[in-house]
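# Structural characterization, general
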Amino acid sequence: MKNLTLVIPAKNESYSLPKVLEELKNIHCQKIIVVSKIDSETIRSINNYKCKIIKQKNNGYGNALIEGINKVSTNYLCIFNADGSFDPKYLGAMYKKAILNKCFVFASRYLKTAGSADDSLLTFIGNKIFTLLGKMLFKLKTSDILFTYIMGETYRFKKLKLQNSDFRICVEIPIKIKFNNFKYDSIASFERKRFGGIKKVNEFVDGFLILSELIKNYFTYNDKK
Ligand SMILES: Nc1nc2c(ncn2[C@@H]2O[C@H](COP(=O)(O)OP(=O)(O)OP(=O)(O)O)[C@@H](O)[C@H]2O)c(=O)[nH]1
Ligand SMILES: [Mg+2]
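Basis of the calculations
Residues numbered from 1 in each chain as written. Chains lettered and ligands numbered in written order. Predicted model: local features only at pLDDT ≥ 70, side-chain atom pairs only at ≥ 80, totals over all residues. Heavy atoms only, no water. Core = buried A, V, L, I, M, F, W, Y, C linked by side-chain atoms within 4.5 Å. Buried < 20%, exposed > 50% of the residue type's maximum accessible area, 1.4 Å probe, protein only. Helix = DSSP H or I, 4+ residues; strand = E, 2+ residues; numbered from the N terminus. Contact = heavy atoms within 4.5 Å. Disulfide = S-S within 2.5 Å. Axes fitted to C-alpha atoms, helices over the stretch in contact; angles between N-to-C directions. Parallel < 35°, antiparallel > 145°, perpendicular 65-115°, else oblique. Pairing = 2+ DSSP bridges. Salt bridge = Lys/Arg side-chain N within 4 Å of Asp/Glu carboxyl O.

### Let's talk about the nonpolar core
Where a protein is soluble and globular, its nonpolar side chains tend to be buried together. Residues F104, F157, L160 and I173 are the most contacted members of the largest nonpolar core, which totals 34 residues. Looking at this core, the elements with two or more residues in it are β2 (30-36), α3 (61-70), β4 (76-79), β5 (104-108), α5 (121-138), α7 (169-179) and α8 (203-224). Considering each element in turn, this core owes the most residues, six residues, to α7. Residues in contact with L160, not counting those within four places in the same chain, are F104, I173, K176, I177, N180 and F182. Formed by 32 residues, the second largest nonpolar core is a distinct cluster that contains I8, V20, F80 and M151.

### A look at unusual backbone geometry
Note: most residues except glycine have negative phi, and most peptide bonds are trans. Notably, K139 is not glycine yet its phi reads approximately 55 degrees, a positive angle. Considering the arrangement of structural elements, one finds K139 in the loop between α5 and β7 (150-153).

### Let's talk about the environment of Y95
Along the chain, Y95 falls in helix α4 (residues 91-100). Taking C-alpha positions, Y95 is 27 Å from L132, a pair spaced 37 residues apart along the chain. Contacts of Y95, omitting those with residues within four sequence positions, involve M1, K2, N3, L4, Y76 and M151.

### Here we look at the state of the cysteines
What the rule picks out here adds up to zero disulfides. Of the cysteine sulfurs around C51, a residue in no disulfide, the closest is that of C29, at 11 Å. Take C170: it sits in no disulfide, and the sulfur closest to it among the cysteines is that of C78, at 14 Å. A residue is classified by how much of its surface remains accessible, and C170, at 6% relative accessible area, is buried.

### Quick notes on the packing of α3 against α7
Interaxial distance between α3 and α7 falls to 9 Å at its minimum, and their mutual angle equals 50 degrees. The angle between α3 and α7 falls in the class oblique. Within the contact between the two elements, α3 uses Y61, G62, L65 and I66 and α7 uses I169, C170 and I173.

### A few points about the sheet that holds strand β1 (residues 4-10)
Hydrogen bonds between backbone atoms are what pair the strands of a sheet, whose relative direction is either parallel or antiparallel. Strand order in this open sheet of seven strands is β3-β2-β1-β4-β7-β5-β8, and the pairing throughout is mixed. In this open sheet, the two strands that pair with only one neighbour each are β3 (52-56) and β8 (184-188). Taking each pair of neighbouring strands and ignoring which way they run, the sheet shows an average axis angle of 20 degrees.

### Let's talk about the pattern of salt bridges
A complete count under the given rule lists 14 salt bridges for this structure. For K25, the salt bridge is made with E22, and the minimal N-O distance between the two is 3.5 Å. Among the ionic pairs, E172 bridges to K176, the shortest N-O distance being 2.7 Å. With E172 and K176 both in helix α7, this residue pair falls four residues apart, about one helical turn. What emerges from the salt-bridge pattern is a single network uniting E13, D83, R194 and K200.

Structural data, given as C-alpha cells:
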C-alpha cells in the first residue's frame, strides 16, 4: 500500500498510540500523526517509530484531520484513530475497493458480520438516530454515519474543503461526499475497544453539535436546489 497515507489524529494517546504503531509496522504505507503542540507526552511516546509528526497549529479533532489531510502526498489516504479501536486488518480490503471502484470507502459497524465492542447503549442509539437523519435529510446510503474510518483519493478529500474543527466533521465528510457527487461504498468492520486512555467525545455536547451540523447542511443544500 505504498500509495496510501494513514492520517492519525492523536490527543493524549501516549498509552495507545505506540501499540497502534506497533500493529501497523507491517503495513507499508505512510503514517502522519497529528498531535496538539502541547501534547509532549504523546509525541515522546512514539519517538521510536518511523512516522511523520505534525504539531497542530489550531485545536480540535476536525482541525487535526484537516491539517493532516493537507500534508498528504500519496494518492490515497485513510483516517485512522490513535486509540486502537480501528482494526488495521480492514485496510487491505478498503484499499482494493477504493482503487477498483474509484470511490470513498466507509468502514461500518452496523452491517452484517460487523459490530462494536466500544459502543455503549447511548452511543449505539445516537449512531442509529444520526444515521437515520443522514438517510432522511440527505438520502445518504450509509449504515454508520459517525464512524470516521474512511479511505479515499487524496485529491477528492482535498476537494471537500472541510471546515469543522470539532467532531462535526464526522457528518460533514459524508454529506460533502454526497453533494460533490463522489462515489462511496461501505465494508463491514468490527470496532474494538480503545486500548487505553479516555475518549474525547462528549455524547451530549458533541451530539448537539453534530445535530446542529445536520440541520445547517439540510438548509444549505436545500437552498441550492
Ligand atoms: N490531534 C487531535 N486528536 C484528537 C482530538 N480529539 C480527538 N482526537 C483523536 O481522534 C481520535 C478519535 O477520538 P476518540 O475520543 O477516540 O473519539 P471516537 O473514537 O470518535 O469516540 P469513541 O469511540 O466514543 O471513543 C483519537 O485517536 C483521538 O486521540 C484533538 O482535539 N486533536
Ligand atoms: Mg475512539
